[in-house]
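Chain and residue survey
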Amino acid sequence: MHDLTPTPALGAATQTIGTVTIAENTGVALASVAARNGGTEACAKVLKDVLGAVPDVGRTVLHDPEAGFWMGPDQWMIGAPMNTHEDIADQLKAKLGNAASVTEQSGAWVVFDVIGERMPDMCEILCNIPIRKMVAGDVRRTMIHQLGCFVIRRAADDHIRILGPRASAQSLHHALITAATSVA
Amino acid sequence: MIIDHPLLGPRDSAEFTYMGDARLIDRPNPNDTDAAATFFDYAYLRDNPAGWHRELWFHEAGDRSWLVVTRNTLTHEISKVELARDVARAQGRSK
Amino acid sequence: MTQKNRIEGGQIDRDANLKFTFDGQTYHGHAGDTLASALLANGVRLMGRSFKYHRPRGPLTAGSEEPNALVQLRSGARQEPNTRATTAELFDGLTATSQNRLGSLSFDLLAINDRVSNFLTAGFYYKTFMWPKAFWEKVYEPIIRRAAGLGSLSFQDDPDAYDKGFLHCDLLIIGAGPAGLMAALTAARSGADVILADEDFRMGGRLNSETFGIGDDAGADWAAQTVAELTAMPNVRLMARTTIIGAFDHGTYGAVERVSDHIATPMDGKPRQILWRIYTQKTVLAAGAIERPIAFNNNDRPGIMTASALRSYANRFGVAVGHRTGIFTNNDDGHRTAADLYAKGVKVTVIDPRPDAPRSMDYEVLAGAQVTDTMGRLGLTFVQVRLSDGTDRTIECKALGVSGGWNPNVHMTCHQQGRPAWNDALAAFVPDALPVGMIVAGAAKGDLSTAGALVGGATAARAALDLKGRMPKLPQAEDAPVTVTPFWYVEGASRAWLDQQNDVTVKDVKLSHQEGFKSVEHLKRYTTLGMATDQGKTANMGGLAIMAELAGKTIPEVGTTMFRPPYTPVAIGALGGRHRGQDFHPKRLTPTHAWAEEQGAVFVEVGNWMRAQWFPHAGETTWRESVDREVLATRGSVGVCDVTTLGKVDVQGADAAAFLNMIYCNGFAKLPVGKVRYGLMLREDGIAMDDGTAARMAEDHFVVTTTTANALPVYRHMEFVSQCLVPDMDVQLISTTEAWAQYAVAGPNARRVLEKIVDQDISNDAFPFMACGDVTVCGGLRARLFRISFSGELAYELAVPTAYGDALIRRIMEAGAEFDITPYGTEALGVMRMEKGHAAGNELNGTTTAANLGMGRMVSTKKDSIGAVLSRREGLNQSDDLRAVGIKPVDPADKVPAGAHLMAAEGPVDAAHDQGYVTSACYSPNLGHHIALAYLKDGSNRIGETMRLVSPLTGVDVAVEICSAHFIDPEGERLRA
Amino acid sequence: MRYSGFRVIKEALSGHKGWTPAWRDPEPAEHYDIVIIGGGGHGLATAHYLAKEFGQSRIAVIEKGWIGGGNVGRNTTIVRSNYLLDGNEPFYEMSLKLWEGLEQDLNYNAMVSQRGILNLIHSDGQRDAFTRRGNAMILNGADADMLSTADIKKRYPFLNTDDARFPIKGGLAQHRGGTVRHDAVAWGYARSADSRGVDIIQNCEVTGFRIENGVCKGVETSRGFIGAGKVGCAVAGNSSRLMSKANMRLPIESHVLQAFVSEGLKPVLPGVITFGAGHFYCSQSDKGGLVFGGDIDGYNSYAQRGNLPVVEDVCEGAMAIFPMLGRARLLRMWGGIMDMSMDGSPIIDKTHIDGLFFNGGWCYGGFKATPASGMSFAHLLAKGEPHPNATAYRFDRFEKGLMIDEKGMGNQPNLH
């Protein structure tokens, strides 16, 4: 076992502004899965085994411990708790074999949970998604402060999870705080 | 503008990067004897119509699909949006 | 000061007293006032000066179409020039100053222009100021520029914030007058998602300014009740103080919500305004109509305004502009103003050019009469009237309401190239071709009665949402027919204003026609008619009518100019949003950022990345000292550099190798697993696009690197090739730039450092130059190791998942301590790559070929690759083509700056004899002199030649020697050590 | 009629009765020696120089709408010659020199105002590239000046030099650059050409070319056939539409470029400033409006209007360097159609059809090129050979690999 300590993308303290709480979630391990030519069915079978269902276009399967969402044609992002699934890419690759290409993504993203009554107001000045029409499990790739992010509508009506580029965690967090203050 | 993505539905065109004429799918065969001429035509000459135009857009801030959008350059009306991969295959491109 | 013109009634809160100042003088008004209504209540009619002649001006309107009453609102950094007093909502502590004056508002020295106006006709400046030639910029133009313009910016940074946002709805309704409210009610009751936006702070539109009722209620009360009902509905978003600025493609509308303009300063963290992009399925445009004036002699004096404005001031704001008031109207609606004012105790005389002008009340009506002139230097005192019998009469009055009929507000219908159609009954343009999804209702459509507006609003909403079932019963409302006799200007006027702000008179239009500026666009440009801050909302029709008359055409034959967004001017701050200062673009921080900060690194912007440029040590006084030290230490022992910013693309799939063979001009099909190869990517036009490496991690898995700058375009290009050109190749691409922290460890001791970190054998035999592979570090962490070198030293790039990047750099520093490992930044990196002769962004400038780079033979002729065919064009393969070479100064003390041009040692120094240019340059601490990389014509055959390097821009002219670009270790022994 | 201050005074004192039309409104003749299609800046300038410099007569300019209604009437009025490449720089420097004497040449005040243009520098790589460019300008006989941040701060104290995401690290100035009153350029050339006998025929749309045995004999128009010894096309923005009538496909795409003007303001900006880390450039007109723009919308369009994302992008650039502009208001936005060529540079050349000549592909750069384009096109039409400063603007440069690519973007027109 190695002795290196991981650092969170930002290490931001949870903040509540008005009704909205913004928390960095450092516990998510991620890997992307892309079906190979001819591997769609085999890939779907594995995804179904892992998640219970294959995430449809624009949708997330909110499942425990693994969850997954659609990223593009024949491409999905799979997430799971970091403390049990740090090697999620290897785990998936082992199951998928040549049916899919798997790429480790844990390091590429910063994850924020945004929860609160005014979350939809905040979303409206952050990004171009129809937040009030989205239902639990909907996912959108969108731009927040010029950064390509995924916004996942979680089970609770006032909860979204945002995956943004890790290197810009600070800028993204600043944008979230600014927007929350603006609508508070 | 709104591009009605065949998978994702309506999206602001600001999410996309534009490339141009969808004839760029029709890359000539480099082994043809007149390849120098056909590649010049392919790379440089455009119909550039005032009216309906089939063109390539990349969903950069979305699902990373290349799309073929049929759009009127006089009115910006969009009549059809297809996945470029499907179009390319239908036009006989393979490997 | 008392509000001497304040009368009973109106929708102002008389309990809320607000104090404000105008030009330093303190006044009082009420909540619900605009600045204009409050000033008028206080008896102030003079509010501004016109653009060209500096004529005294007061409000012409009570709305956003105002051309005259422009002020500088607020003070200090928040000063807002050109703010319309007619829409500025009064708040306690408001300060405003008049603008475009030299001296005081009532004594403006530049009013001299009015005296010499006969010389300053339309286009006079095109005909003069040409001699002497040098005088234009030195004398004439500075004078003109100082006199021109309106208000002033503060010359301080705007302290307020602006937000941008996005809204989605089924139906957007523009305008909350009777039509808009009825449309909203109809749509909302059907359950649709509705946005109702109105530029005013009080919804209701004209209903707030009228005395007639709807059903059993006063119009304004009905509006308030309707607004209350809509407010309670969850599917309705009411947006007051929100101007829809433009109709863009496919149901996208821009809107500006003035969140904080009605208070002194925005609350902490809150925006001043929000720019909304509204996406809607359908739109009901219920923007009302704008009353147009009539042109007559001196029709621009403070106190002269549209009749409907007088009515608004009286009915909505409780202000009688003048207790003796004239109304000059060619239509029945002007009489409505007369009646309302009369009912409020104002002495009214109506001047109506129609012989059959109606008479309904006890006020005086002069039928068949016209206003021929007015008096009053700073405000109206008398009007002169020519009666139907040809005699003149002078009438004393402080206010004159003018009504030339109503123009439906077609602005937004024309934002997508649509042109309106002429309607004879209204003597006005009405909407014709509409943006897709738009329906027009109410006065904007030409239905000028209240009943027409209610029916129109309901009908439009039903049509927009395709609602079935019976039309609901609508409340009763006035349904007066429109009676208007076209009447544009009074004959014989010498100075009758059409465009009051830009000072365009009837005479100017005639002169421009005389000079051949006959098309409507020529007229506009030559006279500046309609080009002021109001874009001619009250002026253009008069100009068109006169042009039509002069050309012997009808008004529709003359046509209109384009209506362009925005509907009313928009603060540039709102369009910029939060993206200013440090937030202009997001920052990308590398995994070592925190650690580098601890080391005191100096950072530099590289695209959005912030990279350590160098790491100064105590005692170092110049950046060069630090950089030289970093270079020498690395070449002498070992250095470490964060190279995470290089683009990384994961390429997987059965056809991954074939795909890279297509993407790169050189071959990749036979690259063994565990090996890295340098690759050069061409654009299809044969020019170098990017370079980097591809590492074969497995038979079906490559890791491709790109330059930092090109990461995105290269990825996009790869997806294009994959999806559009070779759709059946089994290849999956995904960017992993940020997933891995990647560090270059370079220098003769690099291996000895990494042996302490990497768990596997990395000896030269086990892991030779250009090897790559999955490894583990520090006892088991997954990692990737590449034996590649940008510096030319024995070097490795080690990558770990980004979360471990911080820990790894610290571990590397610990492991390297015994070798005095030195962190180096982008400057040292640049020096070392130049010493080694490696190309970078300055060399790959988008016009260089593989041949220019000296890599012509890399372009394989045995396989197809992007760009290969067109790279063979003759112009890209000439005998004296540019070649990459090295440059060193003949005198080692000389500098050889980038951007300098190469000339023959003897001979002329000019463009015709240009031989090439320096792309990159630096001081080489290893060589002890400056070096540079350059492109030189036929350069590979000119090694050893002495040339002249010139940079006249920066005063450089030195002798240089052309040499190989490989200044250090040309045989590459260090790499393979 | 000669314009002068004296004449203005005389007319003012006599009721302005003596002003005559700036140009005639003639019926088209049956045949001209040279027909120029396009009554924009370039077409009118071509006619002026053909008549004045090349002794040509029997010239017509035919225009489908009203003269000056295309890009010469909807641009941001900047003139400069700060180009890098040898194919371009001598041409644009010739243009700038012609601008400098234009008003006297035309007897029309086009308000040529050489208040300078400044390209801001935000990175070392940019400085290297601008140094190379500045040197190329000087080596070609133009002026260039490298300014330090301190110089810039002194000249423009309100620029954001303290809190900038991409700090200003200097700037390349061309002090002879500046602005010109754009409409006046079209009118001045038209008036001068007209006075030299050129027929300017408005509201006359070309519907086709009459081509017999590979020779162009004239043009079919909405007002009948007009015969011509030579036909020159100068309709940038609509080049592909027009040339398709001669069955030609061009290395050009049509794109919309938006531009913006603010409300009138008291003097703020003396010269032209170009932001180097975003899409924004700005000058102030004599009337007081800030005239600004940025990048094209990026998609093929003939619609003369753009969309919000680009408007916002430009204003973000504005706020990044001029934070005081937050409280200035954007008054009007409009769009012009650009001939975006495959290398970002124009074409002035013969076509494969005898007697048919082409001028187009001006990308963003058409306005500043107006005099040189007119001079060069006139040279080509009169002598059959390219002007010495415009020899690189050939059709066949793409086939031969001799592109003039200032930005290094290749065959991707929307990136130039």
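All residue numbers refer to positions counted from 1 along the written sequence of the respective chain. Written order decides the labels, with chains lettered from A and ligands numbered from 1. Where local features are concerned, this predicted model is filtered to residues with pLDDT of at least 70; where side-chain atom pairs are given and counted, the filter is 80 or more; whole-chain, interface and lining totals use all residues. Note that the side-chain values use all heavy atoms of the structure and ignore hydrogens as well as water.

Notes on the overall build of chain D
The way it works is that DSSP assigns letters per residue, a run of H or I at least four long becomes a helix, a run of E at least two long becomes a strand, and they are numbered from the N terminus. From N to C terminus, chain D includes 11 helices and 18 strands. For chain D, whose C-alpha radius of gyration is 21 Å, the value lies close to the compact-globule estimate of 22 Å for 416 residues. The dimensions of chain D, computed from C-alpha atoms along their principal axes, are 65 × 65 × 40 Å. Only protein chains enter the accessibility calculation, which uses a 1.4 Å probe; a residue whose area is less than 20% of its type maximum is buried, one above 50% is exposed, and one in between is partly exposed. By residue count, 71% of the 416 residues in chain D fall in the buried class. Using a 1.4 Å probe, the Shrake-Rupley method yields the accessible areas, and only the shown protein chains count as cover for residues. Carbon and sulfur atoms make up 50% of the accessible area of chain D, which totals about 11900 Å². Residues counted as positive are Lys and Arg, residues counted as negative are Asp and Glu, and His and the chain ends are not counted. Think of each charge as sitting on NZ of Lys, CZ of Arg, CG of Asp or CD of Glu. Charge separation in chain D, taken as the distance between the mean sites of 44 positive and 43 negative side-chain charges, equals 4 Å. Only the C-alpha atoms count toward the radius of gyration. The rule for a globule is 2.2 Å times the residue count to the power 0.38.

Focus: unusual backbone geometry
Residue and element names in this part refer to chain C. With omega at -15°, the peptide bond leading from Trp131 into Pro132 counts as cis. Here Pro132 lies in the loop between helix 2 (112-115) and helix 3 (135-147). Here Pro565 and Pro566 are connected by a cis peptide whose omega angle stands at -5°. Assignment of secondary structure puts Pro566 in the loop between helix 12 (555-558) and strand 31 (570-571). The backbone phi angle of Asp503 is positive, close to 55°, even though this residue is not glycine. For Asp503, a relative accessible area of 0% translates into the label buried. One non-glycine residue, Asp938, lies in the positive phi region at around 55°. With respect to the secondary-structure elements, Asp938 resides in the loop between strand 49 (929-937) and strand 50 (946-951).

Side note on empty space enclosed by the protein
Residues and elements named next belong to chain C. For cavity detection a 1 Å grid was placed over the protein atoms alone, and a set of points counts as a cavity when a 1.4 Å probe fits there but cannot get out; an open set counts as a pocket when protein lies on both sides within 12 Å along at least five of seven lines, with lining residues being those that have an atom within 4 Å of a point. Grid points are joined across faces, edges and corners, and a volume is the space filled by probe spheres set on the points. All chains considered together, the criterion is met by 14 cavities of 30 Å³ or more. Contributing to the lining of the largest cavity are 25 residues, with Gln535, Gly536, Lys537, Asn540 and Phe563 lying nearest its centre. At the level of secondary structure, the elements contributing two or more residues to the lining of the largest cavity comprise strand 25 (406-408), helix 10 (520-527) and helix 11 (540-551). Partitioning the lining of the largest cavity into residue classes produces 12 nonpolar, nine polar and four charged. Roughly 140 Å³ of volume is contained in the second largest cavity. Around the second largest cavity, the lining comprises 17 residues; the ones closest to its centre are Thr592, Ala612, Phe615, Asp642 and Tyr824. Listing elements by their share of the lining of the second largest cavity, those giving two or more residues are helix 14 (593-598), strand 34 (609-614) and strand 35 (639-642). Residue type decides the class: Asp, Glu, Lys and Arg count as charged, Ala, Val, Leu, Ile, Met, Phe, Trp, Tyr, Cys and Pro as nonpolar, and the leftover types, Gly among them, as polar.

Describing the interface of chain C and chain A
If you look at the interface, chain C gives 56 residues, while chain A gives 46 residues. Defined in terms of a 1.4 Å probe, buried area is the accessible area two parts forfeit on being brought together, summed over both. Here chain C and chain A share an interface that buries about 4100 Å² over both sides, 48% of which is from carbon and sulfur atoms. Salt-bridge detection follows one rule: a side-chain nitrogen of Lys or Arg within 4 Å of a carboxyl oxygen of Asp or Glu. Taken together, chain C and chain A are joined by seven salt bridges. A salt bridge links A:Glu124 to C:Arg237; the nearest nitrogen and oxygen atoms lie 3.1 Å apart. Under this definition, polar contacts are N or O atom pairs within 3.5 Å; protein pairs additionally need one hydrogen-donor-capable and one acceptor-capable atom, and for neighbouring residues in sequence, both atoms have to be side-chain atoms. For the pair chain C and chain A, the interface holds 32 residue pairs in polar contact (both at pLDDT 80 or more). Listing elements by their share of the side of chain C that touches chain A, those giving two or more residues are strand 8 (162-174), strand 15 (273-285), strand 32 (588-589), strand 36 (647-652), strand 40 (732-735), strand 43 (781-786) and helix 19 (805-816) of chain C. It is strand 8 of chain C that contributes the most residues to the side of chain C that touches chain A, eight residues altogether. Only heavy atoms enter the contact rule, under which two residues are in contact if any of them lie within 4.5 Å.

Notes on the interface of chain D and chain C
Contacts between the two partners involve 120 residues from chain D and, on the opposite side, 123 residues from chain C. When chain D packs against chain C, the two sides together hide about 10300 Å² of surface, and 56% of this comes from carbon and sulfur. At the junction of chain D and chain C, the tally comes to 13 salt bridges. The salt bridge involving D:Arg327 is made with C:Glu80; its shortest N-O contact spans 3.4 Å.

A closer look at the domain arrangement of chain D
Residues and elements named next belong to chain D. What the domain assignment lists for chain D is domain 1 (18-81 + 84-107 + 182-251 + 345-415) and domain 2 (117-176 + 253-341). Of the residues lining the interface, 32 residues belong to domain 1; the matching set on domain 2 comes to 34 residues. Taken together, the two surfaces of domain 1 and domain 2 that pack against each other cover about 2900 Å², and 53% of this comes from carbon and sulfur. Per-residue buried area on domain 1 facing domain 2 is highest for Leu84, Tyr364 and Pro413; these three make up 23% of the total on that side. Connecting domain 1 to domain 2 are two salt bridges. Arg176 is paired through a salt bridge with Glu100; the nearest N and O atoms lie 2.9 Å apart. By convention here, the domain bounds are inherited from an automatic or database domain assignment.

Focus: the sheet that holds strand 36 of chain C
Residue and element names in this part refer to chain C. At least two bridges found by DSSP between two strands are what make those strands a pair. Strand order in the open sheet made by the five strands is 37-38-39-36-40, with antiparallel pairing throughout. The sheet is open, and its two edges are formed by strand 37 (676-682) and strand 40, each paired on a single side. Pairwise comparison of adjacent strand axes, ignoring direction, gives a mean angle of 25° for this sheet. Relative to strand 38 (residues 688-698), strand 37 runs antiparallel, the two sharing seven bridges. Bridged to Arg677 within strand 38 is Ala694. Angles shown run from 0 to 180 degrees and are taken between the N-to-C directions of axes, each axis being a line fitted to C-alpha atoms and, for helices, limited to the stretch in contact. Helix 17 (residues 711-725) contacts strand 36, strand 37, strand 38, strand 39 (701-706) and strand 40 of the sheet and is inclined by roughly 165° relative to strand 40.

Considerations on the sheet that holds strand 4 (residues 60-61) of chain A
Whether parallel or antiparallel, the strands of a sheet pair through hydrogen bonds between backbone atoms. Residues and elements named next belong to chain A. Within the open sheet, the five strands sit side by side as 4-5-6-3-7. Their pairing is antiparallel. Each end of this open sheet is capped by a strand with a single partner; those strands are strand 4 and strand 7 (100-104). Across the sheet, helix 1 (residues 40-51) is in contact with strand 3 (28-35), strand 4, strand 5 (67-72), strand 6 (75-81) and strand 7; its angle to strand 6 comes to roughly 25°. The strands touched by helix 3 (residues 88-96) are strand 3, strand 6 and strand 7; relative to strand 7, the strand with the most contacts, the crossing angle is about 170°.

Brief notes about a nonpolar patch on the surface
All names here are of chain C. Any residue with relative accessible area above 30% and no salt bridge may belong to a patch, with like charges joined within 9 Å and the nonpolar Val, Leu, Ile, Met, Phe, Trp and Tyr side chains within 5 Å. Together, Leu102, Phe107 and Leu109 make up a nonpolar patch on the protein surface, roughly 320 Å² of accessible area in all. By secondary structure assignment, the location of Phe107 is in the loop between strand 7 (94-97) and helix 2. For Phe107, a relative accessible area of 55% translates into the label exposed.

A few points about the packing of aromatic side chains
Any Phe, Tyr or Trp ring, taking Trp's six-membered ring, that has another such ring centre within 6.5 Å forms a pair; planes under 30 degrees apart are called stacked, those over 60 apart edge-to-face, and the others tilted. The full count for this structure, using the stated rule, is 52 aromatic pairs over all chains. Only when the NZ of Lys or the CZ of Arg is both within 6 Å of the ring centre and within 35 degrees of the ring normal is a charge said to sit over the ring. For the cation-ring pair, C:Lys537 lies above C:Tyr567, with the distance from its terminal atom to the ring centre recorded as 4.7 Å.

Quick word on the packing of helix 2 (residues 41-52) of chain D against helix 10 (residues 366-383) of chain D
Residues and elements named next belong to chain D. Interhelical geometry of helix 2 versus helix 10 gives an angle of 45° and a closest axis separation of 7 Å. With respect to each other, helix 2 and helix 10 are oriented oblique. Note that helix 2 runs across helix 10; the crossing there is right-handed. Together, Gly41, His42, Ala45, Thr46, Tyr49 and Leu50 of helix 2 and Gly366, Ala369, Thr370, Pro371, Ser373, Gly374, Met375, Phe377, Ala378, Leu381 and Ala382 of helix 10 make up the contact between the two elements. For the contact of helix 2 with helix 10, a count of residues per class yields 10 nonpolar, seven polar and no charged. Under this scheme an angle from 65 to 115 degrees is roughly perpendicular, one under 35 degrees roughly parallel, and one over 145 degrees roughly antiparallel; angles in between are oblique. Whether a crossing is left-handed or right-handed is set by the direction in which the near helix is turned from the far one by less than a right angle, anticlockwise for left-handed and clockwise for right-handed.

Side note on the side chain of C:Thr372
Along the chain, C:Thr372 turns up in strand 21 (residues 370-375). C:Thr372 gets classed as buried once you look at its relative accessible area, which sits at 16%.

Brief notes about helix 20 (residues 826-836) of chain C
All names here are of chain C. Buried residues dominate helix 20, accounting for 11 of its 11 residues. Three or more residues of helix 20 are buried, namely Thr826, Glu827, Ala828, Leu829, Gly830, Val831, Met832, Arg833, Met834, Glu835 and Lys836. Of the residues flanking the end of helix 20, it is Gly837, one or two places downstream, whose phi is positive at about 80°.

Quick notes on the environment of C:Ala799
Residue and element names in this part refer to chain C. Its place among the elements puts Ala799 in strand 44 (residues 795-801). Taking the C-alpha atoms as reference points, Ala799 and Thr644, 155 residues apart in sequence, are found 8.4 Å from one another. In contact with Ala799, other than residues within four places in its own chain, are Trp740, Ala741, Gln742, Ala783, Arg784 and Phe786.

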